[in-house]
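# Structural overview
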Amino acid sequence: GLSDASVATPTAAPVSSTTYHVSVTDAIGCVAVDSIRITVDNPSNQNLSWTGAVSSDWSTRGNWDIPCAIPGNGSNVTIPRCMSSPVNVPVIALGNLTIENGLPLQLPNAMTINGTLSLQSGSILLTNADLTIGPAGSISGGNAANYIVTTGTGTLKQVGVGAGARTGTVRYPVGPTASIYSPVELTNSGTADHFSVRVDPLARQRGAQGPPLTNHAVNLTWHILEGQLGGSNVALAL
C-alpha cells in the first residue's frame, strides 16, 4: 500500500472539467501513477428552482433544487407553484426568471434580466430598486393578474427600445398597488434608448409635486424617463 507515502497538494484552478495526474513515491522508491478527473459545477450557469427547504433566504445553500448551488449572474431561476417566495434577493443579473407561485417577489436590490421574465402566476414588488430588462430580454405573461408593482422610487427599465433594437410596441406591465393594473405601451420609432416607468396611485396639481387632485382627474401618475441618448420619437398608450 501507499499509506505512508508523502503526497503534495497542488494549487490549481480547474476549468469545468480537468484531468489531474498524480505520481506518488513510497519509502523504498517505488512509483505509483494514477489520474483523476474533476468536474466543477458553476452555480452561475445553473437552472435553479426554489425549494425553500432550509429557510426563506435567497442566498442560503440548501434552498434550491441543486443543494450546494445558489443563483449567480447568468442563472435561470424558477419560483415554482406551491412555494413561498424567497426574501433578501441580492443585486443580481439573471438569464431567465419564471414566477409560478402566485405570490409577489420583493426586490430590495437591483435586478437585471437578460433573457425572459415570465410572469406565469405572480408579481414582482419594487420598492426603491430598479428591475432592468436587458437589450435582448423580454417580458412574458404580464397582465392584470400578474404584473410589476411599483410602490417606491424603483422603476421597470427596458433597454434598447427603438430603431435598430426592439421595434414595435413594448409593454410595461406595471401598477402602483397589487389591485391597480395600469400598464404603459411604448413605441419608439427614433433612436433606440432605455426607458424607465413607474406609477403612483394619485395625481398631483404640479405633476410630481403639490397636493392631490381630487376632482376630474385619473387618480394615477405615470413617471416615464428616457435615457441619455436623445433622438427618440415615442408614442405612448396608457
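Read on for a plain summary of the structure.

Our focus in this paragraph is the overall build of the protein chain. Looking only at helices and strands, one finds zero helices and 22 strands in the protein chain. A total of 238 residues make up the protein chain; the buried ones form 36% of that total. In the protein chain, the share of contacts with a sequence separation of at least 24, taken over all contacts with a separation of at least 6, comes to 42%. Summed over all atoms, the accessible surface of the protein chain reaches about 12,500 Å², with 53% contributed by carbon and sulfur.

A separate point is the sheet that holds strand 4 (residues 76–79). Reading across from one edge, 3-4-6-9-12 is the order of the five strands in this open sheet, with parallel pairing throughout. Strands at the two margins of the open sheet, each flanked by one partner only, are strand 3 (47–49) and strand 12 (138–140). The average angle at which neighbouring strand axes cross in this sheet is 10 degrees, direction not considered. Sheet topology note: the strand 6 (residues 97–99)/strand 9 (residues 116–119) ladder contains three bridges and is parallel. In the strand pairing of strand 9, Thr98 is matched with Ser118.

With that settled, consider the pairing of strand 17 (residues 184–188). Note on strand geometry: in a regular strand, side chains alternate between the two faces of the sheet. Only one face of strand 17 is buried: it carries Val184, Leu186 and Asn188, and the other face, with Glu185 and Thr187, is open. When strand 15 (residues 169–172) meets strand 17, the two strands line up antiparallel, connected through four bridges. Of the residues in strand 17, the one forming a bridge with Tyr172 is Val184.

Below, the discussion takes up the nonpolar core. Membership of the largest hydrophobic core comes to 35 residues, with the highest contact counts inside it found for Leu97, Met111, Leu117, Ile124, Leu131, Ile148 and Tyr172. The leading source of residues in this core is strand 18 (residues 193–200), at three residues.

Below, the discussion takes up the pattern of salt bridges. Enumeration over the complete set of coordinates arrives at two salt bridges. Residue Arg171 pairs with Glu185 through a salt bridge whose shortest N-O separation is 2.5 Å. Taken together, the residues span a long stretch of sequence, with Arg171 in strand 15 and Glu185 in strand 17 at a distance of 14 residues. When its relative accessible area of 36% is taken as the criterion, Arg171 is described as partly exposed. For Glu185, a relative accessible area of 27% gives the class partly exposed. Notably, a salt bridge pairs Arg198 with Asp200, separated by 3.1 Å at the nearest N-O pair. The exposure class of Arg198 is buried, given its relative accessible area of 17%.

Reading across the sheet, the three strands line up as 15-17-22 and stay open at both edges, with antiparallel pairing between neighbours. Every interior strand has two partners, whereas the edge strands, strand 15 and strand 22 (234–237), have only one. Direction aside, the axes of adjacent strands within the sheet are offset by 25 degrees on average.

Parameters and conventions
- Residues numbered from 1 in each chain as written.
- Predicted model: local features only at pLDDT ≥ 70, side-chain atom pairs only at ≥ 80, totals over all residues.
- Heavy atoms only, no water.
- Helix = DSSP H or I, 4+ residues; strand = E, 2+ residues; numbered from the N terminus.
- Buried < 20%, exposed > 50% of the residue type's maximum accessible area, 1.4 Å probe, protein only.
- Contact = heavy atoms within 4.5 Å.
- Areas by Shrake-Rupley, 256 points an atom, 1.4 Å probe, with all protein chains shown as cover.
- Pairing = 2+ DSSP bridges.
- Axes fitted to C-alpha atoms, helices over the stretch in contact; angles between N-to-C directions.
- Core = buried A, V, L, I, M, F, W, Y, C linked by side-chain atoms within 4.5 Å.
- Salt bridge = Lys/Arg side-chain N within 4 Å of Asp/Glu carboxyl O.

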